[in-house]
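# Understanding the architecture of this molecule
The residues making up each chain are set out below.
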Amino acid sequence: MSPTEYGAAHRRLLQTDAGDLYQQVVLEGSISADDPRVVEGGPDHEAFTFLVDLGLLALDPPTESYLPVDPEVVNAADAARRRGRRLIRNGSGPKVETQPPAELKQAIGDGA
């Protein structure tokens, strides 16, 4: 789900439970994937899942914990993805010439 697909309920969640959880993770430095607050059925599971979906918490596989991600980094990455999609959609990206495999092989030689 992209950030533009989130509705009023998600904004409220970010302003309340998810925002509070994010601040706690920032203060603590990380949150374990098996922390009772965030496991399925835990009191903060929905907020945790939302923060992961937004990219504000990122898994650190070696420690099996989630680290907070600077919101500005998330915004910059999202802007870059939007720009890339726009360039692709408009066909305004860099032009790349391609050759059929046989012509390419002739151009670079057969390696012999």
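The structure we're discussing is the one just above.
Residues numbered from 1 in each chain as written. Predicted model: local features only at pLDDT ≥ 70, side-chain atom pairs only at ≥ 80, totals over all residues. Heavy atoms only, no water.

### What to know about the packing of aromatic side chains
Where we set the bar: Two aromatic rings from Phe, Tyr or Trp, using only the six-membered ring of Trp, form a pair when their centres are within 6.5 Å; if the ring planes differ by under 30 degrees the pair is stacked, by over 60 it is edge-to-face, and anything between is tilted. For the purposes of this entry, the term helix denotes a DSSP run of H or I that reaches at least four residues, the term strand denotes a run of E that reaches at least two, and both are numbered from the N terminus. The rule is simple: take the accessible area with a 1.4 Å probe, protein chains only, and divide by the maximum for that residue type; under 20% is buried, over 50% is exposed, in between is partly exposed.
Going through the model one piece at a time under the given rule, you end up with one aromatic pair. With a centroid separation of 4.9 Å and an interplanar angle of 90 degrees, the aromatic rings of phenylalanine 48 and tyrosine 66 are classed as edge-to-face. Placement of phenylalanine 48 in helix 3 (residues 45-54) and of tyrosine 66 in strand 3 (residues 65-68) is noted, with a sequence separation of 18 residues between them. The class of phenylalanine 48 is buried, set by a relative accessible area of 8%. A residue is classified by how much of its surface remains accessible, and tyrosine 66, at 15% relative accessible area, is buried.

### Here's the deal with the sheet that holds strand 3
How we decide: If DSSP finds at least two bridges between two strands, the strands pair. Residue contacts are defined here by distance: any two heavy atoms, one from each residue, within 4.5 Å place the two residues in contact. Angles shown run from 0 to 180 degrees and are taken between the N-to-C directions of axes, each axis being a line fitted to C-alpha atoms and, for helices, limited to the stretch in contact.
Read across the open sheet, the three strands follow the order 1-3-2; overall the sheet is antiparallel. The open sheet terminates on both sides in strands that have one partner only, identified here as strand 1 (31-32) and strand 2 (57-60). Its contacts with the sheet put helix 2 (residues 17-28) on strand 1, strand 2 and strand 3, and the angle it makes with strand 3 is roughly 95 degrees. Taken strand by strand, helix 3 contacts strand 1, strand 2 and strand 3, and its axis lies near 85 degrees from that of strand 2.

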